[in-house]
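# Breakdown of the fold
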Amino acid sequence: MATGAAYDRPSMSGAPTGLNEVLQRTFSFPKRHFLSATDLNEVEVANLLDLADGFVSLNRQTSKKLDLLKGRTLMNLFFENSTRTQSSFELAGKRLGADVVNMSPRSSSISKGETLIDTAVTLNAMQPDLLVIRHSSSGAASLLSQKVGCSVINAGDGQHEHPTQALLDALSMRRAFGRIAGLKVAICGDVLHSRVARSNIALLQMLGAHVRLVGPPTLIPAAADRWNVEVFHDMRKGIAGCDVVMMLRLQLERMDGVMAPSQREYFRFFGLDREKLAHAAPGVRVMHPGPMNRGVEIDSDVADDLAVSLIQDQVEMGVAARMAVLTSLAARLDNER
Amino acid sequence: MSARPLAFANVRLLDPASGFDGPGAVIVTEGVIADVVPGGDLGALSKDIEVIDGGGKLLIPGLIDIRVKTGEPGFETKETLKSAGRAAAAGGVTTIVVQPDTSPVVDEPSVVDFILRRARDIELVNVYPAGAATKGAMGERMAEIGLMHEAGCLYVTDADRPIVNSKVFQRVLSYAKAFDTPVAHRPADPWLSAGAAATSGEFAARMGLPNVPAIAEKIMLERDLALAEVTGAKLIVDQLTTAAALESFERAVKRGVNATATTSINHLSFNELDIGDYRTFCKLDPPLRSEDDRQAVIEAVASGLIKVIVSAHAPAPAEDKRLPYDEAAPGAVGLETLLPALLAFHHEGRIPLIDLVRTVTSAPAELLGLPGGRIAKGAPADLVLVDPDAPVVIDADKLTSKSKNSPFDGRRLQGKVLRTVVDGRTVYSVL
């Protein structure tokens, strides 16, 4: 069983002091895969966030490279297009010293009709250590994890979960507020189709935040009122008194009469602008997982205001949070062998 | 616009909202009801006030008709907002809700705004638009329900066109609910109703008319009620006309579904046999039903199951009606005949007067959150003085409407509007 020292390389040369302290701590990350925010517990999340904090310092140094994952192979398997998540995982792997391979559906045999499981078995034979998957079907990451011998990291499965996004969001919030417990967080927009929302709801509630969902009824799951959240269809009421307003990305083709009547109507009632934001708590911070539709779900005026917006921080935290996840999973692999 | 203060003296006040029915008087200043005096002793009044001696006739709240078509914008040869306003005033109707199936369709806020501005300029009766539920009333993509709501539309509907796609209808219901906007829907199975000019039965068979089974209404209604239940939205069942559908509706209401049913004065007053020798003025949508259905609908109004009666005013000029039956346009004008046709059920002793008046005053006002429909201090001065017993013979050619397609042509009824007041302004008077 994986107990005791999780990291076999305490006191990395080149690592910032804070990071070294965390690396020397004794804690375990007993999971082989990173599939869902609901798999984690509060202690694991706290440790991951501490570790990620250390990596933030490392990433701000001139020399960003460690060899915690030296000799390891990280495969990025992205069936859906992604710029920031894929490059974030790629950088995280490279900075930790792993060999990184990027696979995309256009260049893989998936386009030739191979099933997900066949691809997994093929890739598994190449002995990767860490497999990062994004797929348009809910549950794809879980299915893959049952068929391979390495660690699987869910980088987004359909409308289900995106747990590293929730981790980086938690990291951004903890650094901005010094805590997460007790924060009032409004998650606004297309909750229905959002894996980011589902992972965030689970993680934020575990960490003691109060979560609200805001959006038109067509974009909020019908059963969301059973998730121990408050649901609002009036945005001003929904973000009233909130410390964090987390906007979600909208697919524009859903805004043309399908889930909402038009972009202009959506912006009128659910777009975040100064006037609506004024209803939130003083010191409110705005988040967005990107990419943004300016003028549809968020006004540029708000998105670009560094006194309010955490959007750029989120991107930076993304690399650090993923480094923390990769490090913890690799340590578990070490203990297994 | 404040007209000269008015007082209606010596009238029989009938106000369904409060349940009052008795002698009284009403004083109107600045467009609102300044005082309601049960018993009718007005005491000393200022000389500025125009006192109307009602001669003991009936004073009721101005009628509210929530399903009116005009042809404006787009089909002004049928009816304009002005000609419809005049017809309404002559019929004692002080508020009309106009349907969105104009050209352009009322599916975005600028068309709502156009209608409201036109109505303000015309200054006859109160006009509120209903917005389309879907873009172009095509049943595929949601219209700008929220923006239209803000612009002043009272509910959304695709008017005569059923929204076939259940997913679209579900989204419309749940989206509209966020704005507390009711959704009106005509229950008619589109495939069964396609091309129909009459209701299936012995009559349609003998006359050789393309027909729709009455059950087409129930089939669609069951879907609508189920979706209203699951979304919690406010559904207006637009024109219930069959016994089978009423049975479904009653069950749903007992279960707590937030639905209100209307029916049209035409379906209360006529049955399929009135089509007679292919009278196209009796070609309606939904088509006229059997006598059993008509009786069931009257019963539903009497019991309060159907809360609102509409004229379903649908002007069609002669060129659209002087055609072979199945080529003729459906619909009937009804603004001017609504009140006397309604009073028929009072004169027959079928339904108490106060209950009849409620279906066209306080009930629609309550359904749509309108300030009128009642005679109370502070309410808008929308009032009608009526002689409920005066005999009239409906002469379609003498109707004020631009189109004369009235199935009531030649019918002997009782009830004559003497004076119609909107916001304290007299818009019609034969006194």
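The shown structure was predicted, so the numbers you read here are calculated from the model rather than taken from an experiment.

The subject of this paragraph is the interface of chain A and chain B. Every contact between the two is made by 15 residues of chain A and, on the other side, 16 residues of chain B. The contact between chain A and chain B buries some 1,400 Å² in all, and 56% of this surface belongs to carbon and sulfur atoms. Of all residues in chain A, R264, E265 and F269 of chain A bury the most surface against chain B, accounting for 32% of the area lost on that side. D256 of chain A is paired through a salt bridge with R141 of chain B; the nearest N and O atoms lie 3.3 Å apart. Counting every contact that joins chain A to chain B gives 11 residue pairs in polar contact (both at pLDDT 80 or more). Of the residues assigned to the side of chain A that touches chain B, the class counts are seven nonpolar, four polar and four charged.

Residue and element names in this part refer to chain A. An order of β2-β1-β3-β4 is seen for the four strands of this open sheet, with the pairing classed as parallel. In the strand order of this sheet, the two ends are held by β2 (99-103) and β4 (151-157), each with one partner. Averaged over all pairs of adjacent strands, the angle between their axes in this sheet comes to 15°, without regard to strand direction. Here helix α3 (residues 84-95) sits on the sheet in contact with β1 (73-78), β2, β3 (130-135) and β4, set at roughly 175° to β1.

Once that is clear, we can look at the side chain of S36 of chain A. All names here are of chain A. Examined against the element boundaries, S36 turns out to sit in the loop between α1 (17-24) and α2 (42-59). In this structure S36 comes out as buried when scored by relative accessible area, which is 8%. Within the structure, the side chain of S36 is placed 2.4 Å from the side chain of E161, a separation counted as a polar contact. Look past the residues within four positions of S36 in its chain and what remains in contact with it is E161 and P163.

Time to look at the confidence of the model for chain B. On average, chain B scores 96 in pLDDT, and the residues at 70 or more come to 100%. With pTM at 0.92, the complex prediction returns an ipTM value of 0.88.

In most cases, non-glycine residues show a negative phi, while peptide bonds are predominantly trans. With an omega of -10°, the peptide bond between G290 of chain A and P291 of chain A qualifies as cis. Mapped onto the elements of the fold, P291 of chain A is located in the loop between β9 (285-287) and α11 (300-303). Residues S103 of chain B and P104 of chain B are joined by a peptide bond in cis, for which omega reads 5°. When you line up the elements, P104 of chain B lands in the loop between β7 (93-98) and α2 (109-122). Positive phi, close to 55°, is recorded for D180 of chain B, a residue that is not glycine. Counting through the fold element by element, D180 of chain B comes out in the loop between α4 (166-178) and β10 (183-185). Backbone geometry at A312 of chain B places phi at a positive 55°, although glycine is not the residue there. With respect to the secondary-structure elements, A312 of chain B resides in the loop between β15 (308-310) and α11 (318-321).

Right, let's get into the environment of R12 of chain B. Residue and element names in this part refer to chain B. With respect to the helices and strands, the residue R12 is situated in strand β1 (residues 6-15). A relative accessible area of 31% means that R12 is categorised as partly exposed. Between the C-alpha atom of R12 and that of G24, which follows or precedes it by 12 residues, the distance is 6.0 Å. In this view, R12 contacts D21, G22, P23, G56, K57, L58, L59 and L353; residues no more than four positions away in its chain are not counted. Within the structure, the side chain of R12 is placed 2.9 Å from the side chain of D21, a separation counted as a polar contact.

As a further point, take the UniProt feature "domain: Amidohydrolase" (unreviewed entry) in chain B. Following the UniProt record, the feature "domain: Amidohydrolase" (unreviewed entry) maps to residues 348-428 of chain B here. The straight-line gap between the two end C-alpha atoms of residues 348-428 of chain B is 28 Å; of that span, 16% is helix and 32% is strand.

What follows covers the UniProt feature "domain: Dihydroorotase catalytic" (unreviewed entry) in chain B. As recorded in UniProt, the sites labelled "domain: Dihydroorotase catalytic" (unreviewed entry) are residues 56-240 of chain B. Annotation note: span residues 56-240 of chain B, helix share 38%, strand share 17%, distance between end C-alpha atoms 36 Å.

Take the nonpolar core next. By size, the foremost hydrophobic cluster in this structure holds 128 residues, and its most contacted members are V245, L272 and L277 of chain A together with I60, I96, L240 and F249 of chain B. In terms of residue count, the dominant contributor to this core is helix α12 (residues 338-347) of chain B (seven residues). For this core, the domains that each give at least three residues are domain 1 (6-59 + 380-429) and domain 2 (61-368) of chain B. For F249 of chain B, the residues in contact, after removing those within four places along its chain, are L221, L225, V237, L240, A259, T260, A261 and L305 of chain B. Formed by 69 residues, the second largest nonpolar core is a distinct cluster that contains A52, L130, I201 and A320 of chain A.

All chains considered together, the criterion is met by six aromatic pairs over all chains. Seen in terms of ring centroids, F29 of chain A and F34 of chain A are 6.5 Å apart; in terms of plane orientation they differ by 35°. Their pairing is tilted. Look at F34 of chain A and you get buried, because its relative accessible area is 1%. On the numbers, 4.7 Å between centres and 65° between planes, the contact of F269 of chain A with F179 of chain B is edge-to-face. Highlighted residues: F269 of chain A in helix α9 (residues 263-270) and F179 of chain B in the loop between α4 and β10, drawn from two different chains.

Residues and elements named next belong to chain A. Along α1, the positions that sit buried rather than exposed are L19, N20, V22 and L23. Down the axis, α1 shows its buried residues gathered within 165° of arc, on one side only. Opposite the buried face of α1, at more than 90 degrees from it, the exposed residues are T17 and E21.

Side chains on a regular strand alternate between the two faces of the sheet. Residue and element names in this part refer to chain B. By the bridge criterion, two bridges tie β1 to strand β5 (residues 58-61) in an arrangement that is parallel. In the sheet register, R12 faces β5, and the bridge partner there is L58. Judged from the four bridges that link them, β5 and strand β16 (residues 383-393) form a sheet pairing that is antiparallel. Bridge pairing in β16 places P61 opposite L383.

The next point concerns the pattern of salt bridges. Residue and element names in this part refer to chain B. In the structure shown here, the tally under the stated rule is 43 salt bridges over all chains. Between D160 and R67 there is a salt bridge; the shortest N-O distance is 2.9 Å. Note that D160 is positioned in the loop between β9 (156-157) and α4 and R67 in strand β6 (residues 63-68), a separation of 93 residues in sequence. Residue class for D160 comes out partly exposed when judged on its relative accessible area of 24%. For the salt bridge of R67 with D238, the shortest nitrogen-to-oxygen distance reads 2.8 Å. Of the two residues, R67 is situated in strand β6 and D238 in the loop between β13 (235-237) and α8 (243-255); the sequence distance between them amounts to 171 residues. The residues R67 and D238 share a single accessibility class, namely buried. Bridged by salt links that share partners, the residues R67, K69, D101, D160 and D238 form one connected network.

Cut-offs and rules
Residues numbered from 1 in each chain as written. Chains lettered and ligands numbered in written order. Predicted model: local features only at pLDDT ≥ 70, side-chain atom pairs only at ≥ 80, totals over all residues. Heavy atoms only, no water. Contact = heavy atoms within 4.5 Å. Buried area = accessible area lost by both parts, 1.4 Å probe. Salt bridge = Lys/Arg side-chain N within 4 Å of Asp/Glu carboxyl O. Polar contact = N/O pair within 3.5 Å; in protein donor to acceptor, adjacent residues only side chain to side chain. Nonpolar A, V, L, I, M, F, W, Y, C, P; charged D, E, K, R; others polar. Pairing = 2+ DSSP bridges. Helix = DSSP H or I, 4+ residues; strand = E, 2+ residues; numbered from the N terminus. Axes fitted to C-alpha atoms, helices over the stretch in contact; angles between N-to-C directions. Buried < 20%, exposed > 50% of the residue type's maximum accessible area, 1.4 Å probe, protein only. pLDDT = per-residue confidence, 0-100. UniProt positions renumbered as here; feature names shortened; annotations may be inferred. Core = buried A, V, L, I, M, F, W, Y, C linked by side-chain atoms within 4.5 Å. Domains from an automatic or database assignment. Phe/Tyr/Trp six-rings, centres within 6.5 Å; stacked < 30°, edge-to-face > 60°. Arc of directions from axis to C-beta.

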